Amino acid sequence: MFLYIPFSSDKDPEDKDFKLKDKIMNSTTATASQTSTSQEPDMREMANAIRFLAADAVDKANSGHPGMPMGMADVATVLYSKFLKFDPKNPTWADRDRFILSGGHGSMLLYAVNYLTGYDKITIEEIKRFRQLHSLTPGHPEVMQDAGIEMTTGPLGQGIATAVGFALAERMQASRFGADLVNHKTYVMCGDGDLMEGISHEACSFAGHMKLSNLIVLYDDNSISIDGDTSLSFTEDVLKRFESYGWATDRSDGHDFSSIESALSKAQGNDRPTLIACKTKIGFGAPNKQGTHGVHGSPLGSEETAAARANLGWTADPFEIPSDILHSWRSIGTRGQIECQAWKKRLESSSQKAEFEKSLVAKIDDVVTAALADCREAFAKDQPKLATRAASGKVLDCLVPKLPQLIGGSADLTPSNNTQTKSSAVISANSNYAGQYIHYGVREFAMCTVMNGLTLHGGFVPYGGTFLSFTDYCRPAIRLAALMKQRAIYVMTHDSIGLGEDGPTHQPVEHVPALRVIPNLLVLRPCDAIETLEAWEIALNNTTGPSVLVLTRQALPAQRQDATENKSARGAYILCAASAEPKAVLMATGSEVSLAITAQKELEAKGIPTQVVSIPSFELFAKQDAAYRASVLGSKSAIKVGCEAAIRQGWDSVIGNDGIFIGMTGFGESAPAEVLYQHFGITSDAIVEAVTNRI
């Protein structure tokens, strides 16, 4: 039996003189005479089931983080047994509460609870295979919503930040379909490390502004980091910080079930997001390591695990859960079935059933094709000279009214990014979260984490804009979207030295190559209005990964007359064929395609047959078969030239190591765009000279 010393109930945890931290850290092992009521030991034994599944799995793997699961087991037990709305037999139920384990290193807490409550995929065998190749229990949680894992976490801060997107999605969905169909909460467990990361500031500030009352964060306030006590580096008043964001805050003893329940009960009625600081002891129960940084990221070891078993009165063998305790947990797992079935009946009888279900379908290509038909025809007919950011805005004018699930936004660059259409009403707490556009403020990273939350939640296809040079701020969230295979669309404008006078701080030269190296990310750099439309079509139909649209500030001439086929979908294609077997193949992206076209005319006039290839997407081109790639790239003897106002990295895959590259070799300068292109030698004349010299 678990033995525990409860805190005195006559203390107010909000009293400044109440030394909650000291009481926990200085507590000693209880004696049998101090055991509380019969109901509490059952909860404690349930919590111990989490603790020892975590400790045993980490020991078996000889790798992992037992401290957090052992420290937060009591909080998890209260949350799952008394508050969380979920049904393991219907794990993707649309109106379930979402639980995000932001401190993903504590993954064994999530795996343990999901096994105990009865998720079919998380078996005891998977628990035993913790951190092993191809197991369903990797070192950090990886999104598997049919197993109760809502998102991939591990990079600290991104879990709590993405949870803001989940919570916002629920509010937006509720505004469209009503509380009968949409009425759930997003719960988060986070730690000190999450709150040290800057993204927590961006996202939680935004959550407070949006008054996301359905967001409840359980802060594992254990005062321990890898280096030691958090006093080494983290001394701010976290609750006051969150109060300044517009959050409700509270404290609880994270090892007192009534204290935890009281705080969570209070949070249910708050009209704003809530942070509950749960004062815990990391590695709770391990007598020699609890409360120290030594229990954070290393196995307890056989001796300390045995000592913890003795200390907590846990007599079961490794990976064995006593039948009465497992029954209690499984009963918790079945309680949501009644509510889930009631929800399904409400959905069946709802007049909004068809629209609700349609919003959750990932495949939207038929709607996209129809929505773009008029725009496609107009671009082919009018041959507009437009900046591709402006062309993107015209494409959105066609898409947004036809796709209510398409949710736009910008990090305070709406007029520059051309991301808001006339029909895009702004989403806010004051508008009851209706609309299709979000003002994120100057929060690029948070914008992208919120976008991840919107798409993971289901029901929405998010896009967001900023300058391409600021993808450095967005990159961790873009990478996570690619890893999670989520459709998020990044509208990145002002894509090169072509932005001109703002200078090298804002001129991307390494960003496009750097984005291309992220697996499962599509990078699309269109050369004109038609390719921009095609890029949007590709991005919207890419249901298994994110896409970056790389768009110009400056106007570009139309290059295509025929828009009946989406040629960009093959990644690269012959834009302008040579007059004979090509001796030179000029390949370019975006704004530099027009330079290749001009150079081709001059080279053909010199009697050098030259082929121009537009490469809007390296990733899509790499997926084509060898025969198609060879037909586009030309013969081995043909001179290969790549032209892009960026650095060379990645271009050798198409032009070869001995190919000619016309582009950047360093940072830009502050000057008008046309002056910069001349200064850096990115011109049609430079292409002609290079080919002529090589011939």
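Being a predicted model, the structure only gives us computed values, none of them experimental.

1. Looking at helix α11 (residues 302-312)
Listed in full, the buried residues belonging to α11 are Glu 304, Thr 305, Ala 308, Arg 309, Asn 311 and Leu 312. The buried residues of α11 occupy an angular sector of 165 degrees when the element is viewed end-on, so they sit on one face. Structural note: α11 exposes Ser 302, Glu 303 and Ala 310 on the side pointing more than 90 degrees away from its buried face. Just past α11, the residue Gly 313 takes up positive phi, approximately 70 degrees.

2. Thoughts on the sheet that holds strand β6 (residues 248-253)
Taken in spatial order, the five strands of this open sheet run β1-β2-β3-β7-β6, and their pairing is parallel. Of all strands in the sheet, those bounded by a partner on one side alone are β1 (98-101) and β6. For this sheet, the mean angle separating the axes of adjacent strands, direction not counted, is 20 degrees. As paired strands, strand β2 (residues 186-191) and strand β3 (residues 215-221) are joined by six bridges and run parallel to one another. The residue of β3 that forms the bridge with Gly 191 is Asp 220. Against the sheet, helix α10 (residues 257-268) engages β2, β3, β6 and β7 (274-279), with an angle of about 165 degrees to β6.

3. Focus on the nonpolar core
One broad trend across soluble globular proteins is that nonpolar side chains are buried collectively. Counting 68 residues, the largest nonpolar core has Ile 127, Met 189, Leu 264 and Trp 329 as its most contacted members. Per element, the largest residue contribution to this core is 11 residues, and it comes from helix α2 (residues 39-61). Here Leu 264 is in contact with Val 78, Leu 79, Phe 83, Tyr 187, Ile 216, Leu 218 and Ile 276, once residues within four sequence places are set aside. Phe 166, Cys 190, Ala 203 and Ala 411 belong to the second-largest nonpolar core, a separate cluster that totals 65 residues.

4. Notes on the environment of Pro 155
Examined against the element boundaries, Pro 155 turns out to sit in the loop between α5 (124-128) and α6 (158-177). By relative accessible area, which is 36% here, Pro 155 ends up partly exposed. Along the chain, Pro 155 and Ala 477 lie 322 residues apart, while their C-alpha atoms are 9.5 Å from each other.

5. Here we look at the state of the cysteines
Overall, the coordinates contain zero disulfides when judged by the stated rule. Cysteine Cys 576 is unpaired, with the sulfur of Cys 527 as its nearest cysteine sulfur at 12 Å. Classification of Cys 576 by relative accessible area gives partly exposed; the value is 29%.

6. A short note on the sheet that holds strand β11 (residues 461-467)
Within the open sheet, the six strands sit side by side as β10-β9-β11-β12-β14-β13. Their pairing is parallel. Since the sheet does not close on itself, it has two edges, and those belong to β10 (437-439) and β13 (522-524), each with one partner. Within the sheet, the average angular offset between the axes of one strand and its neighbour, ignoring direction, is 20 degrees. Packing against the sheet, helix α18 (residues 471-484) makes contact with β11 and β12 (489-493), and its axis sits at approximately 160 degrees to β12.

7. Topic: unusual backbone geometry
Notably, Arg 131 is not glycine yet its phi reads approximately 65 degrees, a positive angle. Positionally, Arg 131 belongs in the loop between α5 and α6. Here the phi dihedral of Phe 319 falls at roughly 65 degrees; this positive angle occurs in a residue that is not glycine. Following the sequence through the fold, Phe 319 ends up in the loop between α11 and α12 (323-349). The buried category is assigned to Phe 319, whose relative accessible area is 13%.

Conventions and cut-offs
- Residues numbered from 1 in each chain as written.
- Predicted model: local features only at pLDDT ≥ 70, side-chain atom pairs only at ≥ 80, totals over all residues.
- Heavy atoms only, no water.
- Buried < 20%, exposed > 50% of the residue type's maximum accessible area, 1.4 Å probe, protein only.
- Helix = DSSP H or I, 4+ residues; strand = E, 2+ residues; numbered from the N terminus.
- Arc of directions from axis to C-beta.
- Pairing = 2+ DSSP bridges.
- Axes fitted to C-alpha atoms, helices over the stretch in contact; angles between N-to-C directions.
- Contact = heavy atoms within 4.5 Å.
- Core = buried A, V, L, I, M, F, W, Y, C linked by side-chain atoms within 4.5 Å.
- Disulfide = S-S within 2.5 Å.

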